[in-house]
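Structure at a glance
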Amino acid sequence: MTLAFVVLVGVLGALVGSFGNVVVHRLPRGESIVFPRSHCPACQHQLGPLELVPIVSFVALRGRCRACGAAISWRYPLLEAAMAALFVALTLHWSPVVDGASLVPLLVVLAMLVIAAVIDLDRFILPDVLTLPALALALVGSLLYQPGSGLPTPAEALAGAGVGAGVLLLINRLGALVLRRFADTRERLWPVSLDQANLAALGGALGGWQIGLAVGAASVVLNLLTRRTLRLPEGPLYGLWAVALVLTTTSFTVPIDVALGGSVLAAGGWALAGAVFWWIHDAVRGAPDAAEEEDDDEPVAMGFGDVKLAAVLGALLGWQAFLVALLLSVTVGAVAGIVARLAGGDRVVPFGPALVVGGVLALFLGHPILTWYLGLLGAG
Ligand SMILES: [Zn+2]
C-alpha cells in the first residue's frame, strides 16, 4: 500500500467527519442534511468552499467565524480528525486481509456509528435512521469477507447481531426488574413488540435458539389471529426464564451454552424484528406525536437504541469479539462516568458512545484478546 493511498483515505475520513458534523447538528432537528449549505450558527454567514476544508480551515481561522468572529466549537475539527484517524487505522489494519471493496462497508458502518455516538452524547438518542441501515450494511458487508479474514461470515454476522441485541435487551429488562422499574411498558404492543423478545428469551432457555424464535413467531401469529395482544407480564416471565435456565441445564436436557446462548440470540432476533417493523411502520404511516413519545423521565443511560447499536457491533465483530467489545465498553463507560462525576455535576453518561469505543477497540484487539483468554483457559 502506498503512502499516497493512506493519505487519500485520511482525507476521505476528514471529509466524512466534516459531513458528520452536519448530520450531528441537523438530524435530531429534523432538518435536511444536504441543503442549505453550512452556515455559522451565530451570524448565519454561509461558509465558502475554503471554510469547508476540514481541520485546516479551523486552524487557519484560529477557531473563529470569518464573518462575525464567534468561536467555533472544537468539536468540529475533533470529529474530523478522529474520523480521519479511524479510516486510516482501519485501512492499515484490515486491508492486508480483506480486499479493497470489502473495506467500504466497514468504513461506512463505522462512520455511521461514530456519528450516532456523538448524537447520543448530545441528546441521549441513537437515531434508527443511522443504526438500522448500519445493521443492514454490516450484514451485507459480511458477504464480501473471505473465510479466515478475521471478520465474520454472513452466518456469524447474523448470529452476532442477534447476540448483540439480545445481551443488551436482557441487561435492559433484568436491570429494570432489579431497579423496580419494570413498568409494564407503554410502548405499542400489537402485533410485535418487546413481548415477542421476552417470550423468545423464555423459549430459547427451554430449547435453544430455534425454539426461542419459533415461540416469538407463534406469539405474533396468535396476536394477528385474535387481533389482541396476548402476553405474559414481564416480572413472572423472567422468573420462569430463570427457572427454565436452571432446570434445563441441571437436568442436562439442554447444555448451558445452548440454553443461554439460544435465549440471548432468540430474544435479540425478535427485538430486532420489532425494531425494524416499527421503523418501517412509522416511515410509511408517519411517526406518532413526538410529544407523546418523549418521556418526561430523566434520560436513561441504556435504552433500546443501545440494543440496535449492539446488533450492529455484533454483526461487524461476530459474537465472541462482541463480548470482548461489551467488556471494553463497560470499562470505558465506568471510567467516563467517574470522570463526569469528578468534573462536577451528576450528568448521566449515555452508554452508546462507550459501546462504539469498545466496538472500535475490539475491531483491532478482539482477536488477540480472545486468543490470549482462551490460551489462559487452555493452560489452566
Ligand atoms: Zn459568524
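Everything here concerns the structure above.
The following refers to the structure shown. (Residues numbered from 1 in each chain as written. Predicted model: local features only at pLDDT ≥ 70, side-chain atom pairs only at ≥ 80, totals over all residues. Heavy atoms only, no water.)

**Section: the overall build of the chain**
The helix and strand tally for the chain stands at 14 helices and zero strands. Going from the N terminus to the C terminus, the chain shows its helices and strands as α-α-α-α-α-α-α-α-α-α-α-α-α-α. At 22 Å, the chain has a C-alpha radius of gyration in line with the 21 Å of a compact globule built from 380 residues. Principal axes of the C-alpha set define a box for the chain whose edges measure 70 × 55 × 45 Å. A burial count over the chain gives 43% of its 380 residues as buried. In the form shown here, the chain has an accessible surface area of approximately 19,500 Å², with 71% of it arising from carbon and sulfur atoms. (Helix = DSSP H or I, 4+ residues; strand = E, 2+ residues; numbered from the N terminus. Rg over C-alpha atoms; globule rule 2.2 N^0.38 Å. Buried < 20%, exposed > 50% of the residue type's maximum accessible area, 1.4 Å probe, protein only. Areas by Shrake-Rupley, 256 points an atom, 1.4 Å probe, with all protein chains shown as cover.)

**Quick look at the coordination of the zinc ion**
Coordination sphere of the zinc ion, protein contribution only: Cys40 (SG), Cys43 (SG), Cys65 (SG) and Cys68 (SG), at 2.3 Å. We note that the donor set of the zinc ion lies within a single chain, spaced as C-x2-C-x21-C-x2-C. With Cys40 in the loop between helix 1 (3–26) and helix 2 (56–60) and Cys65 in the loop between helix 2 and helix 3 (75–94), the pair connects residues that are 25 residues apart, well separated along the chain. Each member of the pair Cys40 and Cys65 is classed as buried. (Donors = N, O, S within 2.8 Å, 3.2 Å for Na, K, Ca; no water.)

**Overview of the packing of helix 7 (residues 194–207) against helix 10 (residues 256–285)**
As a packed pair, helix 7 and helix 10 sit with axes 7 Å apart at the nearest point and diverge in direction by 160°. Taken together, helix 7 and helix 10 sit at an angle that is classed as roughly antiparallel. Along this stretch, helix 7 crosses helix 10, giving a crossing that reads as right-handed. Facing Gln196, Ala197, Ala200, Ala201, Gly204 and Ala205 of helix 7, the residues of helix 10 in contact are Val258, Ala259, Gly262, Ser263, Ala266, Ala267, Trp270 and Ala271. (Axes fitted to C-alpha atoms, helices over the stretch in contact; angles between N-to-C directions. Parallel < 35°, antiparallel > 145°, perpendicular 65-115°, else oblique. Left-handed = near helix turned anticlockwise from the far one by under 90°. Contact = heavy atoms within 4.5 Å.)

**Details of a nonpolar patch on the surface**
A cluster of nonpolar side chains, namely Val129, Val276, Trp279, Ile280 and Val284, defines an oily patch on the protein surface of about 420 Å² accessible area. If you tally residues by element for the nonpolar patch, the top one is helix 10, at four residues. Along the chain, the position of Val284 falls in helix 10. (Patch = residues over 30% accessible without salt bridge, like charges linked within 9 Å, V, L, I, M, F, W, Y side chains within 5 Å. Salt bridge = Lys/Arg side-chain N within 4 Å of Asp/Glu carboxyl O.)

**Topic: helix 3**
Given a rise of 1.5 Å per residue, 20 residues ought to cover 28 Å, and the 28 Å separating the end C-alpha atoms of helix 3 matches this to within 8%. Among the residues making up helix 3, those that are buried are Pro77, Leu79, Glu80, Met83, Ala84, Leu86, Phe87, Leu90, Thr91 and Trp94. (Expected span 1.5 Å × (residues − 1).)

**Structural notes on the nonpolar core**
Of all hydrophobic cores here, the largest spans 85 residues; its most connected members are Leu106, Leu113 and Leu168. Looking at which element gives the most residues to this core, the answer is helix 4 (residues 100–123), with 14 residues. (Core = buried A, V, L, I, M, F, W, Y, C linked by side-chain atoms within 4.5 Å.)

**Quick word on the pattern of salt bridges**
Enumeration over the complete set of coordinates arrives at four salt bridges. Residue Glu51 is joined to Arg66 by a salt bridge in which the shortest nitrogen-to-oxygen separation is 3.4 Å. Of the two residues, Glu51 is situated in the loop between helix 1 and helix 2 and Arg66 in the loop between helix 2 and helix 3; the sequence distance between them amounts to 15 residues. Measuring nitrogen to oxygen at the nearest pair gives 2.9 Å for the salt bridge that ties Asp122 to Arg75. Taken together, the positions of Asp122 in helix 4 and Arg75 in helix 3 put the pair 47 residues apart, joining distant regions of the chain.

**Digging into the packing of helix 9 (residues 234–250) against helix 10**
Interhelical geometry of helix 9 versus helix 10 gives an angle of 155° and a closest axis separation of 9 Å. By the criterion of interaxial angle, the relationship of helix 9 to helix 10 is roughly antiparallel. Handedness of the helix 9/helix 10 crossing: right-handed. Taking contact as the criterion, the partners of Trp241, Leu245, Thr248 and Thr249 in helix 9 are, on helix 10, Ile256, Ala259, Leu260 and Ser263. Class assignment of the residues belonging to the contact of helix 9 with helix 10 gives a composition of five nonpolar, three polar and no charged. (Nonpolar A, V, L, I, M, F, W, Y, C, P; charged D, E, K, R; others polar.)

**Re the packing of aromatic side chains**
Counting across every chain of the model gives two aromatic pairs. Relative to Trp241, the ring of Tyr238 lies with its centre 5.8 Å away and its plane at 75°, an arrangement referred to as edge-to-face. Of this pair, Tyr238 and Trp241 both sit in helix 9, separated by three residues, roughly a single helical turn. Ring geometry for Phe277 and Trp278: centres 5.0 Å apart, planes at 90°, overall edge-to-face. (Phe/Tyr/Trp six-rings, centres within 6.5 Å; stacked < 30°, edge-to-face > 60°.)

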